[in-house]
Each structure stands twice: as C-alpha cells, then as structure tokens.
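What follows is each chain in one-letter form.
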Amino acid sequence: MSRIPIRRALISVYDKTGLEDLASGLHAAGVEITSTGSTAARISAAGVPVTKVEELTGFPECLDGRVKTLHPRVHAGLLADTANPQHEAQLAELGIEPFQLVVSNLYPFEATVASGASPQECVEQIDIGGPAMVRAAAKNHGSVTVITDPSRYADVLAALAEGGFTRDQRRHLAAEAFAHTAAYDLAVASWFAASYAPDEITQDAGWPLVTGALWRRADVLRYGENPHQRAALYKDLSTERTGLTQSGQADGIAAAELLHGKPMSYNNYVDADAARRAAHDFTEPCVAIIKHSNPCGIAIGADLADAHAKANACDPASAFGGVIAANGPVTAALARQIAEVFTEVVIAPGFDPEALDILSKSKNIRLLRCASPSSQLTALEWRPVSGGILLQSVDQVREPGDDPANWELKAGEPASQTQLADLAFAWKACRSVKSNAILLASGGASVGVGMGQVNRVDSSRLAVLRAGDRAAGSVAASDAYFPFADGFEILAQAGVAAVVEPGGSIRDHLTVTAAQDAGVALYFTGVRHFYH
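Residues numbered from 1 in each chain as written. Predicted model: local features only at pLDDT ≥ 70, side-chain atom pairs only at ≥ 80, totals over all residues. Heavy atoms only, no water.

1. Observations concerning the confidence of the model for the protein
Averaged over every residue, the pLDDT of the protein is 87; residues scoring 70 or more account for 91%. Scored below 50 in pLDDT, residues 199-204 makes five contacts in the model with residues more than four places away or belonging to other chains. (pLDDT = per-residue confidence, 0-100. Contact = heavy atoms within 4.5 Å.)

2. Quick look at the sheet that holds strand E5 (residues 145-147)
Taken together, five strands build an open sheet; the order of strands is E3-E2-E1-E4-E5 and the sheet is parallel. The open sheet has two free edges, formed respectively by strand E3 (51-52) and E5, since each of these has just one partner strand. Alignment of strand E2 (residues 32-35) against E3, held across two bridges, turns out to be parallel. Counterpart to Thr34 in the pairing with E3 is Thr51. Its contacts with the sheet put helix H8 (residues 129-139) on strand E1 (8-13), strand E4 (101-105) and E5, and the angle it makes with E4 is roughly 145 degrees. Most of the contacts of helix H9 (residues 153-161) go to E4, to which it runs at about 170 degrees, and overall it touches E1, E4 and E5. (Pairing = 2+ DSSP bridges. Helix = DSSP H or I, 4+ residues; strand = E, 2+ residues; numbered from the N terminus. Axes fitted to C-alpha atoms, helices over the stretch in contact; angles between N-to-C directions.)

3. With respect to the environment of Ala182
Tracing the chain through its elements places Ala182 in helix H10 (residues 167-196). Once the C-alpha coordinates of Ala182 and Leu214 are considered, the two residues, 32 residues apart in sequence, prove to be 7.6 Å apart.

4. Side note on the state of the cysteines
Following the criterion strictly, the structure yields zero disulfides and no others. The thiol of Cys286 is not disulfide-bonded; the next cysteine sulfur, from Cys314, is found 12 Å away. Take Cys286: its relative accessible area is 0%, and that puts it in the buried class. (Disulfide = S-S within 2.5 Å. Buried < 20%, exposed > 50% of the residue type's maximum accessible area, 1.4 Å probe, protein only.)

5. Considering the nonpolar core
Judged by nonpolar contacts, the single largest core of 49 residues is most densely connected at Ile298, Leu368, Leu423 and Leu439. In this structure Leu423 touches Trp407, Ala415, Val475, Ala476, Ala498, Val499, Val500 and Tyr523, once residues within four positions along its chain are discounted. Counting residues in each nonpolar core, the second largest holds 25 residues, with Ile289, Cys296, Ala307 and Ala335 among its members. (Core = buried A, V, L, I, M, F, W, Y, C linked by side-chain atoms within 4.5 Å.)

6. Focus on the packing of helix H19 (residues 456-467) against helix H20 (residues 486-493)
Each pair of packed helices gets described by two things: the angle between the helix axes and the distance between those axes. Contact geometry for H19 and H20: axes closest at 8 Å, N-to-C directions at 15 degrees. Viewed along their axes, H19 and H20 adopt a mutual orientation that is roughly parallel. Crossing geometry of H19 relative to H20 is assigned as right-handed. Contacts from Val457, Ser460, Arg461 and Val464 of H19 reach H20 at Asp486, Gly487, Ile490 and Leu491. Looking at the contact of H19 with H20 residue by residue, the class counts come to four nonpolar, two polar and two charged. (Parallel < 35°, antiparallel > 145°, perpendicular 65-115°, else oblique. Left-handed = near helix turned anticlockwise from the far one by under 90°. Nonpolar A, V, L, I, M, F, W, Y, C, P; charged D, E, K, R; others polar.)

7. Overview of the packing of aromatic side chains
This model, assessed by the stated rule, comprises five aromatic pairs. Judged by centre distance (5.8 Å) and plane angle (85 degrees), the rings of Trp215 and Trp382 are edge-to-face. Of this pair, Trp215 sits in strand E6 (residues 215-220) while Trp382 sits in strand E14 (residues 380-385); the two residues are 167 residues apart in sequence, bridging distant segments of the chain. Consider the rings of Phe320 and Phe342, whose centres lie 5.2 Å apart with planes at 50 degrees: the pair is tilted. (Phe/Tyr/Trp six-rings, centres within 6.5 Å; stacked < 30°, edge-to-face > 60°.)

8. Thoughts on the packing of helix H1 (residues 19-28) against helix H2 (residues 37-45)
Where H1 meets H2, the closest approach of the two axes is 9 Å, and the angle between their N-to-C directions is 70 degrees. On the basis of the axis angle, H1 is roughly perpendicular to H2. Crossing angle aside, the handedness with which H1 passes H2 is right-handed. Packed against H1, whose contacting residues are Leu19, Glu20 and Ala23, the element H2 presents Thr39, Arg42 and Ile43 at the interface.

9. Comments concerning the pairing of strand E12 (residues 343-348)
Among the six residues that make up E12, five are buried, leaving the element largely enclosed by the rest of the structure. Bridge analysis of strand E11 (residues 322-326) against E12 gives four bridges, and the strand direction is parallel. Looking at the pairing, Gly322 lines up with Thr343 of E12. Once you follow E11 into helix H16 (residues 332-339) and on to E12, the crossover reads as right-handed. As paired elements, E12 and strand E13 (residues 366-369) share four bridges and run parallel to each other. From the neighbouring strand, Val346 faces E13, where its bridge partner is Leu367. Between the parallel elements E12 and E13, the chain passes through helix H17 (residues 353-359) in a crossover that is right-handed. (Right-handed = clockwise from strand over helix to strand, strands pointing away.)

Shown next as structure tokens:
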C-alpha cells in the first residue's frame, strides 16, 4: 500500500475553514506542525503547539508577507525523495527534516477580481509561495501528501489512524493540487491579458488575448447523444474559489441536485439547460416544456399550475417525454398535472414536500433542484468549434428594443393592451426557440411554434400548422426579420392579428405593405435574437 506515516506537516492557508480541528487532530496523532503568519496564529490560539516558519528558516517573513516559505529549509523538506538514499544523506548533512504533509490553499485572486477591486489590489492577491509549495509537494507525491481543499481534512484525520496515505491516494491528491494551481494560473493569465494588453492588440474590444478554464469531472454518463458515444459531465473549477463559473453564473445545470429518479443522461442535461434558460426569462410564473432543445410549449400564468396547463396545451403530443422547467418552486397542484403526462425531467428552484411526494411515485421521472440563474450582463458563454472556441456575451432579453415601449409601429392600428401583452410574451419566448423561429401566442401562452427551419417561410407554416384554429386572433413573434413578405403573408392568411419582428431587411417595405394590406399590426424592435 506504500503508506507513509505523517510526522511533520506544513500548513499555510488563506481559507481557514476547519483549521483548528485539523491542527488538533494532527497534534493528537503526534504530528509536528510548521506554519506561517496568520495560519500559525490561529493554530496557536487553538492551543495547539506550532513552529513558525521563520523559526525553521532562521529568516523573518518580509515584504508584507510576500516572502515567507521561499527558502531551502522549506522546499528541500518538500522536494526530497525519501526513497532516494542520496536525498536522505543530503538532508542529514544540511540538518533538514522532510515534510510528509502539506496543507495549503491560495489567495482569493478570482474573488478579489469579481469584487471590483483595483488592479493593484488584484495583483496583491496573486499567490507566489502557495503555488510553489503546492506544486513542490504534488511533484514529490511519492513522499509527500498535499491537501488543497478543506473538505479533505476528514480524509487526513482518517489517514492518520491508518498509518498515512497510500501512494495511489497521494497521486490522486497531487492531481487535485495541480488542477488547483492550473485553474488559478489560468485565472491570473486571463485577467492580465484582459487588463493590461494594449488596445491596438485587443482592437479595443475588451476581449483577452488568452483565456482558459479548467473543469473537474463530476460524473460519467451512460452515453452521449447516441448509445455509441461516450460522455461525462464536468464542473467548472472556478466555482471552488469564487462561487462563479466562467460564464458568470453562480450555479448552473451542472450543479443541479438530483432529488429523485435515474441518473441524468447527456440529452437530459442539454434539454434541462434549454428549459431552465427559457423559463427564467420571465418574472411571472412561467413553465417551459422542452423537446430537443426547443419549446413545444411555454406559458406564463396566475401561478405555475396555470402556466403549465397552458404550456402543455400548445402541443400535447410533443410534450410527451419532454423536459419541464418552472421558474419557481413546484407546488402540489403543478405536480398533479405533471404526473398525468410522461415527463423525463422536471427542473425548478425547489419542490414543495407534497409535490415531491406526488412526483416521486414515478420511478422514471427525474427531479432536479437548481437555483435561479444569476443575471450578470457581463456573463460570457463558450462554444467549441474544431480547433478552438467561440466566446460571446450571453443573449438576454434586456436590450432597449426588447421593451415594447421602444417598439416602432410600422403598419396597422396599434395593438390592444391584451394583444400588446401577448406580443411582449411572444417576443421573450421566441428567444428560446432555435432559429429560424416563429412563435404564435395567445393569453400569455404559445399556441404554435415553428423552429429550426432553414427558411422563415417553413417556420411560419409550421407554427400555423401546430396552432390550427388557434392561429386566428393570435399574435406572432419572429426572432429575425422577414427577408421577403411570404413568411409574413402565411401568418396574416391564418388570421394572426399582430406581429413583432426586428426589422432591418432591405425588403422591409414589402412586409410593411403586406401588413397594411392585411390590416395586421406590425411592430419593429430593432434587436434580433437568433438561437443557433
């Protein structure tokens, strides 16, 4: 098993969670503790004997703490291969004792940046000694155990009772340590590239010259989109230090808690993410039913049960086997309705106890608890392409043109208050439909959705087909302009009373003329919401 008993430990941590219990456990096991600055003070205040690092090195901490552990008496004790007789002989000649345990976590650089601190304050939170110690111990994992996460302290105390960590355990912890420092260095490098690169290089666009992220494997999935594809779920490591992912979210679908049901599949995660995105565009009670990343029904209502009933009525056939997202806690009334339709996943910020009891009676449904998304306008999203990635700011319905007060009436009489409310709903809901997107709405609910078509005419036909008789008197939203009048004419012929679209085509006048001839209210927003 290659266990190495822990006799000496070096502890230097910024996050002091659980420090006193760890130090007490190490001391009770006869471990000699060496520590730095405020860490040593906390250990001593807990009544645990501790050797300050300056006593070990014979050199005081200096330069406002910038230099503490960067000394041969520290790093020789970390890097000595105790299985190498020559290393052992050199340690004896130099009078240096090896360490068997290093516990260290780093300065809060990312949290400092996220707080809006000045550049100089951010620079001061770039850790030097910490990463050096962590990397030294991780490199020398054959002889040293390295701990970077306070959640591992219980493992340390358990290992003390078993005679130390095994070689496999030390290697695993070393991998965690290198991931920890790699993610840290990526954050520093990305910040420097964004903050200090000359404008002529970045083209004054605010994009860093380099960027990166690191993810930790959270789960191995049964398979990917198809059974012959392998798949796994990874979580953003930046959340361990800042609580924020690379996209700026405080949480996300990868952090959702499975309360009931079988493990999530690859496709479940994709659809659940799309459903959550759709439902949380609204402040009113909203339910989105998603199939293959597209809404087959989305609605707002007096409460979530009302919203679900309206969303499900849009396309009940497609809702079968769908993924449902609610933007509030699932109630018993909503749960009873969901239980009547085969559903793969329900995702919500919470579930009332009775709702959880009702839905848990089905072994096939998956219940996910996931907090509401954060609303940071600066958030970015990444999209892999072969050989690289694309970055963009997250599309949110918050542009000036998304406010109906800023819409321009191009044809017809002004919509009634009821119609305008439905147009506002349709415009928001349309953002969650894959382009080309046409969404028909009535009473705060979708009644027909045309999505993912290669031309807007087919999307219009599909939306009208799915709406059937409900198309007459409904309103419609188009995620982008009509390049010709033909798509609009399909909506007008079906009896759609009002349409909202971005405008911007060189042939807008054709659509405006068609709207005037049909007596349909036509609004331009000046903003587009493609979703590819």
